[in-house]
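Structural description and commentary
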Amino acid sequence: MTDESWVPDTCTLPTAERPLRLAEFDGLFHDALRGADRPAAGHLRLHLDGRAEALARDLIARESACCSFFTFDLAGPDGDTLTLDIRVPATRVAVLDALALRATTARGR
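These remarks concern the structure in this document.

Definitions and cut-offs
- Residues numbered from 1 in each chain as written.
- Predicted model: local features only at pLDDT ≥ 70, side-chain atom pairs only at ≥ 80, totals over all residues.
- Heavy atoms only, no water.
- Helix = DSSP H or I, 4+ residues; strand = E, 2+ residues; numbered from the N terminus.
- Buried < 20%, exposed > 50% of the residue type's maximum accessible area, 1.4 Å probe, protein only.
- Contact = heavy atoms within 4.5 Å.
- Areas by Shrake-Rupley, 256 points an atom, 1.4 Å probe, with all protein chains shown as cover.
- Pairing = 2+ DSSP bridges.
- Axes fitted to C-alpha atoms, helices over the stretch in contact; angles between N-to-C directions.
- Salt bridge = Lys/Arg side-chain N within 4 Å of Asp/Glu carboxyl O.
- Expected span 1.5 Å × (residues − 1).

This part is about the overall build of the protein chain. Within the protein chain one finds three helices and four strands. Listing every helix and strand of the protein chain by position from the N terminus yields α-β-β-α-β-β-α. Counting all 109 residues of the protein chain, 44% fall into the buried class. Here the analysis covers contacts within the protein chain between residues at least 6 apart in sequence; of these, 58% occur between residues at least 24 apart. For the protein chain, the exposed surface amounts to about 5,700 Å²; the carbon and sulfur share of it is 54%.

So, in structure tokens, the structure goes:
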């Protein structure tokens, strides 16, 4: 998935850096995603391999800095798995939809 039209105008990440950030998310999804749930339209829950914690924490910290409408909550109920809850306001559900699609697409590679 290379179309970046879903990236919101409010994103402060420089345009030239966006493909790199997307590639980082794709890498996380491909290597660590074990499953995904959608508890609500504005809420995506990702189940990740516990070995990806440092990468996930770094990535969500940087993403929070440029797209402040995201709310990330990373929890590790045990050493083997992580739960990453991603929430957005109703006005940004389309962005979350696109991120969910990226996750499932990257996982299947």
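Hydrogen bonds between backbone groups are what pair the strands of a sheet, and the pairing can be parallel or antiparallel. Read across the sheet, four strands follow the order S1-S2-S4-S3 without closing on themselves; strand pairing throughout is antiparallel. The sheet terminates laterally at strand S1 (33-40) and strand S3 (71-75), the two strands that pair on one side only. Neighbouring strand axes in the sheet, compared pairwise and without regard to direction, differ in orientation by 15° on average. In the packing of helix H3 (residues 93-107) onto the sheet, the strands contacted are S1, strand S2 (43-49) and strand S4 (81-87), and the crossing angle to S1 comes to about 155°.

With that settled, consider the pairing of S2. Regular strands show a simple pattern: their side chains alternate between the two faces of the sheet. The element S2 is extensively covered by neighbouring structure, given that five of its seven residues are classed as buried. One ladder, built from five bridges, connects S1 with S2; its direction is antiparallel. Within the sheet, the bridge partner assigned to leucine 33 lies in S2 and is leucine 48. Sheet analysis places S2 next to S4, joined by seven bridges and oriented antiparallel.

Bringing the pattern of salt bridges into the picture now. A complete count under the given rule lists 10 salt bridges for this structure. The residue glutamate 63 makes a salt bridge to arginine 21 at a minimum N-O spacing of 2.9 Å. Residue glutamate 63 is located in helix H2 (residues 53-66), and its partner arginine 21 is located in helix H1 (residues 18-32); the two are separated by 42 residues in the primary sequence. By the burial criterion, glutamate 63 is buried, and arginine 21 matches it. Each of Arg21, Glu24, Asp58, Arg62 and Glu63 takes part in a single network of salt bridges with overlapping partners.

Let's shift gears to H1. Counting along an α-helix, one turn takes 3.6 residues, and residues three or four places apart therefore face a common direction. Taking 1.5 Å per residue as the helical rise, H1 with its 15 residues ought to reach 21 Å, and the 21 Å between its terminal C-alpha atoms agrees with that figure. All of the buried residues along H1 are Arg18, Arg21, Leu22, Phe25, Asp26, Leu28, Phe29 and Ala32. Looking at the buried side of H1, the elements it contacts are S1, S2, H2 and H3.

Moving on, we get to the environment of phenylalanine 69. Along the chain, phenylalanine 69 turns up in the loop between H2 and S3. The sequence separation of phenylalanine 69 and threonine 91 amounts to 22 residues, and the corresponding C-alpha distance is 9.6 Å.

Between its first and last C-alpha, H3 extends 21 Å over 15 residues, near the 21 Å set by a 1.5 Å rise per residue. The complete set of buried residues in H3 reads Val93, Val95, Leu96, Ala98, Leu99, Ala100, Arg102, Ala103 and Ala106.

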